[in-house]
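Read off the chains here:
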Amino acid sequence: MGTSNTRDRTYSFTPKIPGPFALTFIGLGIPIFIASWVFIFVESQGKRSLFSLENLDRAQSFLGQVFGADTWKSRGAELPDVFILATDTIAMSVLAIALAGVFSVVLLPLATARQDDQRAGYLANSGYAVMRALFVFTRAVPELLWALIVVFIISPGIFAGAIALAIHNFGVIGRLGADSIESLDRAPVVALESTGASSAQRYVIGVLPLVSRQLLTFLFYRWEVIIRTTAVVGFVAASGIGYQMRLDLSLFRYDEVGRLLIAYVVIVWMVDLLSTLVRRAFK
Amino acid sequence: MISMITNLLENRRVWILFFAALLMWSASPVDWVNLTNEGAGSAIRSIVGSFLAPDLSPKTMGEVIQAMWITLAYAVTALSLAIFFGLPLGLIASGVLSTDQRFVLALAVFVRAYLGMIRSIHELIWALLFVSAFGLSPAAGIIAIALPYSGIIGRIFAERLQDVPEGHITACQVSGASGLKLIALARIPTVLPDTISYLFYRFECAIRTASVLSFIGLGGIGFQVHIAMSDLKFETVATLFYSLLALILIVGLIGRSVRKRLLT
């Protein structure tokens, strides 16, 4: 680099030789990427092409029926029905976030006890491993697949849907909560320990108040996600807007689909607004 | 009157009462007496037993690996579409393209509203609508996932671009950069590591979503779960769940090491 030309040096750019990690990453990533697109194109062969004039007509008539004149007319008892379905959807989401929140907050100390204990006993270590594995597993499987299993045990309805949603979100909130507890300053907990506080007392008095604001943010963030997902969990759990929408689509009652879509978007926006207001109040 | 409402909205006790009431109201329609199906006890036992001893026979494993590949292919194509459209839209929505041109700001507001709309509808609802409008095809499935995902990616990218510390921008301005150069040399490099690790998180989400495309009639892990459930083959269901876990763990591990490498 002993060149006298400063300009050259400022703009000199030595390309890094990719290391083994980058080479494996590129060597696997690019073939997977190409193979995936090839797969999609091959699979689409023989199916109706997505972009064709005929399809444009179909889409136009579909949209025309979903948001057509019939959508805004209530023929008899349909508008109240949509309202009841909407309340079912909201109730399912509230039960789901309540269950997920309570279980993760109660079980979080098991996942983080390893830190409190300098000696990190056998029990604390295995608690950590089991809880982390549980968080990962419940999180990896989507709500809908959990719902398929849950309806085997719980009779279909809003509670079955709520449990399926709660299982997945238990993993999400548990992981986020455990991460934020582990990045806490330990001083208050150590101080409590020196006064002889038990581990339960240390968690309730020392840890929870410090993470409560973050936990609240996570809970509201997940509630917003749950509200959107409730509609599709309804497919399996046989309740709420999603179930009715799927039924209406298969019966070609497109005007009802339009009303349900509007109700769905309104609920999503309401929860967004609510969570903004609450976060402001608890700031 | 208005100040009373604002005070009420900022009172924590009011909110706690509100949510307690909401929870009671939500729990009231549940039929607590007939909560479980008949024979729930034995169903739980056989499900838990299957998860402890999943079906690992070569025939099942072959099907599971094929299902994993289909799910991965849907996730990769959907996510690449979402990134292709989401990042440029996010760049426009951030409003950093110009400082005070009215047109650019109006465009930003418009794009932000569009991104908000497409992400407020769940990907499977999009999928159902697409299938009704266009008919069933893998393309409909991946576009249905790509739409809300581009909305989320665009929003996150826009927020990150806006939050770039002033120092980074000033440093580039001092050395003579302006306009688009500032975006390319100050804003984007600052947000790149975080954005890439966020995209890996979205990849995990895309795998989860792609696994349930069976609900509109496309193949993959969810489709095999459906079949296994209707045959009451819980051992196969367990294998499929674990295969989903494996896919997501691998993506998570790669994401974490890429992030580590980008930050050092």
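Provided above is the structure to which this section pertains.
Each value, and the rule that gives it
- Residues numbered from 1 in each chain as written.
- Chains lettered and ligands numbered in written order.
- Predicted model: local features only at pLDDT ≥ 70, side-chain atom pairs only at ≥ 80, totals over all residues.
- Heavy atoms only, no water.
- Helix = DSSP H or I, 4+ residues; strand = E, 2+ residues; numbered from the N terminus.
- Contact = heavy atoms within 4.5 Å.
- Areas by Shrake-Rupley, 256 points an atom, 1.4 Å probe, with all protein chains shown as cover.
- Buried area = accessible area lost by both parts, 1.4 Å probe.
- Salt bridge = Lys/Arg side-chain N within 4 Å of Asp/Glu carboxyl O.
- Polar contact = N/O pair within 3.5 Å; in protein donor to acceptor, adjacent residues only side chain to side chain.
- Nonpolar A, V, L, I, M, F, W, Y, C, P; charged D, E, K, R; others polar.
- Phe/Tyr/Trp six-rings, centres within 6.5 Å; stacked < 30°, edge-to-face > 60°.
- Buried < 20%, exposed > 50% of the residue type's maximum accessible area, 1.4 Å probe, protein only.
- Lys NZ or Arg CZ within 6 Å of the ring centre and 35° of its normal.
- Patch = residues over 30% accessible without salt bridge, like charges linked within 9 Å, V, L, I, M, F, W, Y side chains within 5 Å.
- Axes fitted to C-alpha atoms, helices over the stretch in contact; angles between N-to-C directions.
- Parallel < 35°, antiparallel > 145°, perpendicular 65-115°, else oblique.
- Core = buried A, V, L, I, M, F, W, Y, C linked by side-chain atoms within 4.5 Å.

## Remarks on the overall build of chain A
A count of helices and strands for chain A gives 12 helices and zero strands. In chain A, the succession of helices and strands from N to C terminus is α-α-α-α-α-α-α-α-α-α-α-α. Here the contacts in chain A between residues at least 6 apart in sequence split such that 75% fall between residues at least 24 apart. Just so you have it, chain A exposes about 14700 Å², and 67% of that area is on carbon and sulfur atoms.

## Side note on the interface of chain A and chain B
Contacts between the two partners involve 71 residues from chain A and, on the opposite side, 76 residues from chain B. Between chain A and chain B, the buried area comes to about 6500 Å², and carbon and sulfur atoms account for 79% of it. Taken together, the connections running from chain A to chain B amount to zero salt bridges. For the pair chain A and chain B, the interface holds 11 residue pairs in polar contact (both at pLDDT 80 or more). For the side of chain A that touches chain B, the per-class residue count stands at 55 nonpolar, seven polar and nine charged.

## Things to note about the packing of aromatic side chains
Scanning the model with the defined rule gives 26 aromatic pairs over all chains in all. Between Phe137 of chain A and Trp146 of chain A the ring centres are 5.7 Å apart and the planes differ by 85 degrees, which places this aromatic pair in the edge-to-face class. Here Phe137 of chain A falls in the buried class, since its relative accessible area comes to 15%. According to the relative accessible area criterion, Trp146 of chain A is buried, its value standing at 8%. Taken together, Phe137 and Trp146 of chain A together with Phe51, Phe241 and Tyr242 of chain B form an aromatic cluster joined through their ring pairs. The cationic tip of Arg246 of chain A hangs over the ring face of Phe235 of chain A; the distance from NZ or CZ to the ring centre is 5.2 Å.

## Looking at a nonpolar patch on the surface
Nonpolar side chains collect at one region of the surface, where Phe25, Ile26, Ile30, Phe33, Ile34, Val38 and Val42 of chain A together with Ile250 and Ile254 of chain B lie side by side and expose about 780 Å² of accessible area between them. For the nonpolar patch, the secondary structure elements donating two or more residues are α2 (20-44) of chain A together with α11 (234-263) of chain B. When residues of the nonpolar patch are assigned to their parent elements, the largest contribution, seven residues, is made by α2 of chain A. Locating Ile34 of chain A in the fold gives a position in helix α2.

## Quick word on the packing of helix α3 (residues 53-66) of chain A against helix α6 (residues 123-134) of chain B
In the contact formed by α3 of chain A and α6 of chain B, the axes pass within 8 Å of each other and the chain directions differ by 120 degrees. Classed by the angle they form, the pair α3 of chain A and α6 of chain B counts as oblique. Where α3 of chain A abuts α6 of chain B, its residues Asn55, Arg58, Ala59 and Phe62 of chain A lie against Leu129, Ser132, Ala133 and Phe134 of chain B. For the contact of α3 of chain A with α6 of chain B, the per-class residue count stands at five nonpolar, two polar and one charged.

## Remarks on the nonpolar core
If you look at the biggest cluster of nonpolar residues, it comprises 137 residues, and the most contacted ones within it are Trp223 and Ile241 of chain A together with Tyr74, Ile125, Ile207, Val225 and Phe241 of chain B. Top element by residues in this core is helix α4 (residues 58-93) of chain B. It accounts for 15 residues. When residues no more than four places from it in sequence are discounted, the contact partners of Phe241 of chain B are Phe137, Val141, Leu145, Trp146 and Ile149 of chain A together with Phe51 and Val225 of chain B. Counting 14 residues, the second largest nonpolar core, distinct from the first, contains Ile181, Leu184, Val189 and Val211 of chain A.

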